[in-house]
Amino acid sequence: MRYLIKSFMMLFVAAVLVVGATSMEAQARKITLRLGHPMAPGNNVTLGYEKFKELVEERSNGKIRVQLYGNAILGSDRVTMESAQRGTLDLASSSSPNMANFSKAFMVFDLPYVTSPKYQKNLYAALDNGELGKYLAAELEKINLKPIMYSEYGYRNFVATKKEIKSVADLANMKVRTTASPVEVAVASKLGMNPTPIAWGEVYTALQQGTVDGEGNTFSLLNDAKHTEVLKYAMDSAHNYSMHILLMNKKTFEGLTPELQEAIVSSGRDALAYQRGITADLEAKAVDAFKAQGIKIHKLSDAERAEFVKLTRPVWDEFSKEIPADLLKLVQDTQK
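These numbers were taken from a predicted model, which means no experiment stands behind them.

### A few points about the nonpolar core
Here is a general trend for soluble globular proteins: nonpolar side chains tend to be buried in one another's company.
Line of reasoning, step 1. Core analysis: the biggest nonpolar cluster contains 54 residues, and Phe109, Leu111, Leu132 and Phe308 have the highest contact counts within it.
Line of reasoning, step 2. Ranked by the residues each element gives to this core, the list is headed by strand E4 (residues 145-160), at five residues.
Line of reasoning, step 3. If we skip the residues at most four places from it in the chain, Phe109 touches Ser96, Val114, Leu123, Leu127, Leu132, Leu136, Asn240, Tyr241, Met243 and Val331.
Line of reasoning, step 4. One finds Met39, Val45, Phe219 and Leu256 within the second-largest nonpolar core, a separate group that totals 40 residues.

Listed below in structure tokens is the structure:
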């Protein structure tokens, strides 16, 4: 009997030691989060995600390691975001126009001139701490995504390879690259252009081969992605503000401990502040690079810009039924 009791106690202690060792091993095991984004090296979005990686690894005390896959190495915004939804990737970044593939709510940011640099701080506040951010977070949770950063990207400007562009009339019949956003396609059409949706990673080649004659994007991204090697003309149309939204697989986020969740959320918040802080300087440097490359930049007069606003306003009416009215109001309320 004593032998049986002794044997039982030895087995019990051994089991406790195994469970304890397994638990310690699990705690010591690092979590690897894979983040895919299509932005070029040196771009403000890329630098923001590099800062995010640095902060997460530091604040998690090394428990989380972030692997960055940038420069469209894993495919377009749509491809990487689909991977994040499924959990093949843990995080992915998509431009707000390309988010129209996943939620019609994000078409609101594609409406021409719906936001203005003049009221940018109001937009930031609404996204970071206001009802606008809460609304979008609820929409994203419906499609298994958790917002981490409404990453600074910038205002898009039209550029061209063949023809100087100084006014709306100069855009007529230009084959312009767009995202898959139906709003962006409609804007191009209203301005007399021939829209051609093309994945970001294929645009450089399309410009070289003449598949398209132009595009609309921030000067800084165009410069970082070397599109300046092909482009010849530009204008500061600033026709819409785009973000590059960093999203995490919702189930993956919820499976982390509260401490690790906080490390990710706080790192996203502080990386975003850093990102927004460097954007203006990077855009100014890109303008200088355009000029050094011989690209002619036309600055629109107030009258010329008003013409853009007038001609694209019908797009608002066209998509008003597809964009929730309360969401549109939240965005418009930031422009006061």
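Having seen the structure, we can now continue with the description.
### A word on unusual backbone geometry
Line of reasoning, step 1. Its identity as a non-glycine residue notwithstanding, Lys226 has a phi of 70°, on the positive side.
Line of reasoning, step 2. Here Lys226 shows up in the loop between helix H8 (219-224) and strand E8 (233-235).
Line of reasoning, step 3. Positive phi, close to 45°, is recorded for Ala238, a residue that is not glycine.

### Quick notes on the pairing of E4
Line of reasoning, step 1. Among the 16 residues of E4, 15 are classified as buried, and the element is accordingly described as predominantly covered.
Line of reasoning, step 2. For E4 and strand E9 (residues 240-249), the ladder comprises nine bridges, and the chain directions are antiparallel. Within E9, the residue paired with Pro147 across the bridge is Leu247.
Line of reasoning, step 3. Summarising the sheet, E4 and strand E7 (residues 214-217) pair through four bridges and their orientation is antiparallel. Across the sheet, residue Asn157 finds its bridge partner in E7, namely Asn217.
Line of reasoning, step 4. Pairing analysis gives two bridges linking E4 to E8, with the strands arranged antiparallel. Note that in E8 the partner of Val159 across the bridge is Ala234.

Reading the values: rules and limits
Residues numbered from 1 in each chain as written. Predicted model: local features only at pLDDT ≥ 70, side-chain atom pairs only at ≥ 80, totals over all residues. Heavy atoms only, no water. Core = buried A, V, L, I, M, F, W, Y, C linked by side-chain atoms within 4.5 Å. Buried < 20%, exposed > 50% of the residue type's maximum accessible area, 1.4 Å probe, protein only. Helix = DSSP H or I, 4+ residues; strand = E, 2+ residues; numbered from the N terminus. Contact = heavy atoms within 4.5 Å. Pairing = 2+ DSSP bridges.

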